[in-house]
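What follows is the residue order along each chain.
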Amino acid sequence: MRPFSLLTLLILTGLTGCQSSSQPEPIQYSVPAEAEPYVQSFRDEAKKHNSTVSTANLVVTYGATQSEDVCGQCLLQSGKTPHITLSTDSFCWQQASQYERECLVFHELGHCLLGRTHKTDKFPNGAFVSLMNPDNVSVYATCRYPIGGDVCDKRTRRDYYIDELFVASTPTPDWGK
Ligand SMILES: [Zn+2]
């Protein structure tokens, strides 16, 4: 199947200068029922990683993203609620596995709530170092980088990538060397 690709981060800033009369948006939370389990999973992982990140101010919608290859995007605007759009392209969501959906939602939450930007580094074995890579966010969903006799364990991979999401300085795991 096609890898998730070209996830974009759009940061629009500096718009407030000429709109001094506009009020900031109130804190709001709106997440579709289908996406809520993944946001809840993010909350659980945040807690495990002693992160104080809050999901209280968040809007997630399904809709058209900037390009047909984009499965999701995070829109951050000054004074506005972080807004994640998940593509309605069927391979992005309807045909995606539970892990693929989680990877996509976590990647966008990485942008929108953790302030993470894209990271393109790779391990010596070719695997992406981070879930925040822009080319294939399904890093632990597919286990496409088994090496030697290494049996790719999705749970082990998931643990590493989520550690790295919350703590970017997480050391290289054995399977990445
Ligand atoms: Zn991205």
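Residues numbered from 1 in each chain as written. Predicted model: local features only at pLDDT ≥ 70, side-chain atom pairs only at ≥ 80, totals over all residues. Heavy atoms only, no water.

Q: It is not clear to me how the state of the cysteines should be interpreted in this structure. Could you clarify?
A: Covalently bonding the sulfur atom of one cysteine to the sulfur atom of another cysteine gives a disulfide. Tallied over the entire structure, the rule returns two disulfides. In this model Cys-74 forms its disulfide with Cys-112; the gap between the sulfur atoms is 2.2 Å. Here Cys-74 and Cys-112 share a disulfide; its torsion about the S-S bond, 105 degrees, makes the bridge right-handed. Of this pair, Cys-74 sits in strand β4 (residues 72-77) while Cys-112 sits in helix α2 (residues 98-112), placing them 38 residues apart in sequence. By the burial criterion, Cys-74 is buried, and Cys-112 matches it. (Disulfide = S-S within 2.5 Å. Helix = DSSP H or I, 4+ residues; strand = E, 2+ residues; numbered from the N terminus. Buried < 20%, exposed > 50% of the residue type's maximum accessible area, 1.4 Å probe, protein only.)

Q: Help me out: how do you make sense of the coordination of the zinc ion in this one?
A: For a metal with four tetrahedral donors the ideal donor-metal-donor angle is 109.5 degrees, whereas six octahedral donors ideally subtend 90 or 180 degrees. Listed as protein donors to the zinc ion are His-107 (NE2), His-111 (NE2) and His-118 (NE2); their distances from the metal cover 2.0 to 2.1 Å. The motif formed by the donor residues of the zinc ion, counted along the single chain, is H-x3-H-x6-H. Of this pair, His-107 and His-111 both sit in helix α2, four residues apart, roughly one helical turn. Both residues of the pair, His-107 and His-111, count as buried. (Donors = N, O, S within 2.8 Å, 3.2 Å for Na, K, Ca; no water.)

Q: Is there a simple way to explain the packing of aromatic side chains in this structure?
A: For any pair of aromatic rings, the description rests on two quantities: the centre-to-centre distance and the angle between the ring planes. Under the definition given, this model contains 10 aromatic pairs. Between Tyr-38 and Trp-93 the ring centres are 5.8 Å apart and the planes differ by 85 degrees, which places this aromatic pair in the edge-to-face class. Here Tyr-38, found in helix α1 (residues 36-48), pairs with Trp-93, found in the loop between β5 (83-87) and α2; they are 55 residues apart in sequence, far enough to count as distant. Looking at Tyr-38, the relative accessible area reads 10%, which means it is buried. Here Trp-93 falls in the buried class, since its relative accessible area comes to 1%. With centroids separated by 5.4 Å and ring planes inclined at 35 degrees, the aromatic side chains of Phe-42 and Phe-166 adopt a geometry described as tilted. Of this pair, Phe-42 sits in helix α1 while Phe-166 sits in helix α3 (residues 154-166), and the two are 124 residues apart along the sequence. (Phe/Tyr/Trp six-rings, centres within 6.5 Å; stacked < 30°, edge-to-face > 60°.)

Q: Just to check I follow, could you spell out the pattern of salt bridges for this structure?
A: Taken as a whole and assessed by the stated rule, the structure comprises eight salt bridges. Among the salt bridges present, the one from Arg-43 reaches Glu-36, with a minimum N-O distance of 3.1 Å. Here Arg-116 ties to Glu-164 by a salt bridge, and the two come within 3.0 Å at their closest N and O atoms. Remark: Glu-164 occurs in helix α3 and Arg-116 occurs in the loop between α2 and α3; sequence separation between them is 48 residues. When its relative accessible area of 13% is taken as the criterion, Arg-116 is described as buried. Look at the salt bridges and you will find they share partners, linking Glu-45, Lys-48, Glu-102 and Arg-158 into a network. (Salt bridge = Lys/Arg side-chain N within 4 Å of Asp/Glu carboxyl O.)

Q: Please explain the nonpolar core as it appears in this structure.
A: General note: in soluble globular proteins, nonpolar side chains tend to be found buried as a group. Grouped together as the largest cluster of nonpolar side chains are 38 residues, with contacts concentrated most on Leu-86, Leu-131 and Tyr-140. If you list the elements that add at least two residues to this core, you get α1, β3 (58-63), β5, α2 and α3. Considering each element in turn, this core owes the most residues, six residues, to α2. When residues no more than four places from it in sequence are discounted, the contact partners of Tyr-140 are Tyr-99, Glu-102, Cys-103, Phe-106, Leu-131, Lys-154, Arg-157, Arg-158, Tyr-161 and Ile-162. (Core = buried A, V, L, I, M, F, W, Y, C linked by side-chain atoms within 4.5 Å. Contact = heavy atoms within 4.5 Å.)

Q: For this particular structure, what's the right way to read α1?
A: Three- or four-residue spacings in an α-helix give side chains the same orientation, since the helix completes a turn every 3.6 residues. Counted at 1.5 Å a residue, the expected span for α1 with its 13 residues is 18 Å, and the 18 Å between its end C-alpha atoms agrees. Its buried side turned inward, α1 meets β2 (29-30), β3, α2 and α3. In the stretch just after α1, Asn-50 is the one whose phi turns positive, near 55 degrees. (Expected span 1.5 Å × (residues − 1).)

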